[in-house]
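# Coordinates in review
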Amino acid sequence: MRLAYRTWGDPFGSPVVLLHGLGGSSLSWEAVGTLLGEEWRVYAIDLRGHGESDWPDEYGFEQMRDDVLEFLDACELDRVGLVGHSMGGVVAYLLAEEHADRVERLVLVETPPPFPGQLVADSRPAGPVDYDENVVPAVRAQVAEPDPRWEQELGQIVAPTLMIAGGPESSMPQGRLADMASLIPDCRLLTLGGGHHVHKKHADQVAQQITEFFTS
């Protein structure tokens, strides 16, 4: 897999990796990435089937997780702060479950919990799109019927975790986010408001909360 990415900040700064949601790309993190780049070395990845990364017509969260792991290896990033929005948050917590030694701290922004019957909020823009349409049904199917191990292994996440919720404006059931947070050993749930795309609507607040969390 060839993955495209963009970076901000000091090349020698501590690494932070940002993962976007369904139908998005690394561009969705531009405002937050620019702000985080004042203190960190930030990498925002185009996940498979999105943006300028390869579109292999084979999609699944485990494959995306393994892509990110290979990205960390290729960039020689041993341990990172990992931030994921929506679909990218699922990829992030799966990596934290499976490869705890690679995730220093974990931030999940409006991330669908691994409970059956959940829906992915529609992030797809109107007009021409910059992603493979085949990724949509694959992602929606896994969110609706997640592997039971995903929920079972939330308790195996050792990285301190911050969950950021979009509040009542979000289409994602906020109560289920609290249920998910309760299953992660060292987890705090913070509601900022702004809906599902809180990282775009309140980029300054999201960047500030991530920075404070990573330095606490």
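Residues numbered from 1 in each chain as written. Predicted model: local features only at pLDDT ≥ 70, side-chain atom pairs only at ≥ 80, totals over all residues. Heavy atoms only, no water.

## A few points about the pattern of salt bridges
Scanning the model with the defined rule gives 8 salt bridges in all. Asp-66 serves as the salt-bridge partner of Arg-65, at 3.1 Å between the closest nitrogen and oxygen. For the salt bridge of Glu-169 with Lys-201, the shortest nitrogen-to-oxygen distance reads 3.3 Å. On the criterion of sequence distance, the pair formed by Glu-169 in the loop between strand E6 (161-165) and helix H6 (174-183) and Lys-201 in helix H7 (residues 198-201) is long-range, its members being 32 residues apart. The class of Glu-169 is exposed, set by a relative accessible area of 52%. (Salt bridge = Lys/Arg side-chain N within 4 Å of Asp/Glu carboxyl O. Helix = DSSP H or I, 4+ residues; strand = E, 2+ residues; numbered from the N terminus. Buried < 20%, exposed > 50% of the residue type's maximum accessible area, 1.4 Å probe, protein only.)

## A short note on the packing of aromatic side chains
Within this structure, the stated rule accounts for 6 aromatic pairs. Seen in terms of ring centroids, Tyr-5 and Tyr-43 are 6.1 Å apart; in terms of plane orientation they differ by 40 degrees. Their pairing is tilted. One end of the pair, Tyr-5, is in strand E1 (residues 5-8); the other, Tyr-43, is in strand E3 (residues 41-45), and 38 residues separate them in sequence. On the basis of relative accessibility, which here comes to 10%, the residue Tyr-43 falls in the buried class. Ring plane angle 80 degrees and centroid distance 5.0 Å describe the contact between Tyr-5 and Phe-71, whose orientation is recorded as edge-to-face. Here Tyr-5, found in strand E1, pairs with Phe-71, found in helix H2 (residues 61-74); they are 66 residues apart in sequence, far enough to count as distant. Residue classification places Tyr-5 among the partly exposed residues on the basis of a relative accessible area of 41%. Linked through ring pairs, Tyr-5, Tyr-43 and Phe-71 together constitute an aromatic cluster. Looking at Arg-41, its charged tip hangs above the ring of Tyr-43, at a distance of 5.6 Å from the centre. Against the face of Phe-213 rests Arg-105, its NZ or CZ located 5.0 Å from the ring centre. (Phe/Tyr/Trp six-rings, centres within 6.5 Å; stacked < 30°, edge-to-face > 60°. Lys NZ or Arg CZ within 6 Å of the ring centre and 35° of its normal.)

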